[in-house]
Amino acid sequence: MQDEEVDRSYNLIERLFLKLMEPQNKARILRWAWLISLGMLVLGYLIIYVKVSQYINF
């Protein structure tokens, strides 16, 4: 009984991994990772600007 549950979960993980490795899913993951990293970059620059702008005389 225990071996059957372990085998089923392994099969589920293997199927999920194979599904994620399809080219269209890789492209979707890469696109979201790129957008998240771009958003973090912009957010970082905004935080730096807000913190430093009080010391800069324009």
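Owing to the predicted nature of the structure, the values given are computational and were not obtained by experimental measurement.

Caption draft 1: Representation of the overall build of the protein chain. Looking only at helices and strands, the protein chain has 2 helices and 0 strands in total. Across the 58 residues in the protein chain, those meeting the buried criterion constitute 2%. Surface accessibility of the protein chain: about 5900 Å² in total, with carbon and sulfur atoms responsible for 68%.

Caption draft 2: Fine view of the pattern of salt bridges. Counting across every chain of the model gives 1 salt bridge. For Lys19, the salt bridge goes to Glu22, with nearest N and O atoms at 3.8 Å. For Glu22, a relative accessible area of 26% corresponds to the partly exposed category.

Caption draft 3: Looking closely at the side chain of Asn25. With respect to the secondary-structure elements, Asn25 resides in helix α2 (residues 23–52). Engagement of the side chain of Asn25 in a polar contact is seen with the backbone oxygen of Lys19, the distance being 2.6 Å. Not counting residues within four places of it along the chain, the set of residues in contact with Asn25 comprises Lys19 and Leu20.

Reading the values: the criteria
- Residues numbered from 1 in each chain as written.
- Predicted model: local features only at pLDDT ≥ 70, side-chain atom pairs only at ≥ 80, totals over all residues.
- Heavy atoms only, no water.
- Helix = DSSP H or I, 4+ residues; strand = E, 2+ residues; numbered from the N terminus.
- Buried < 20%, exposed > 50% of the residue type's maximum accessible area, 1.4 Å probe, protein only.
- Areas by Shrake-Rupley, 256 points an atom, 1.4 Å probe, with all protein chains shown as cover.
- Salt bridge = Lys/Arg side-chain N within 4 Å of Asp/Glu carboxyl O.
- Polar contact = N/O pair within 3.5 Å; in protein donor to acceptor, adjacent residues only side chain to side chain.
- Contact = heavy atoms within 4.5 Å.

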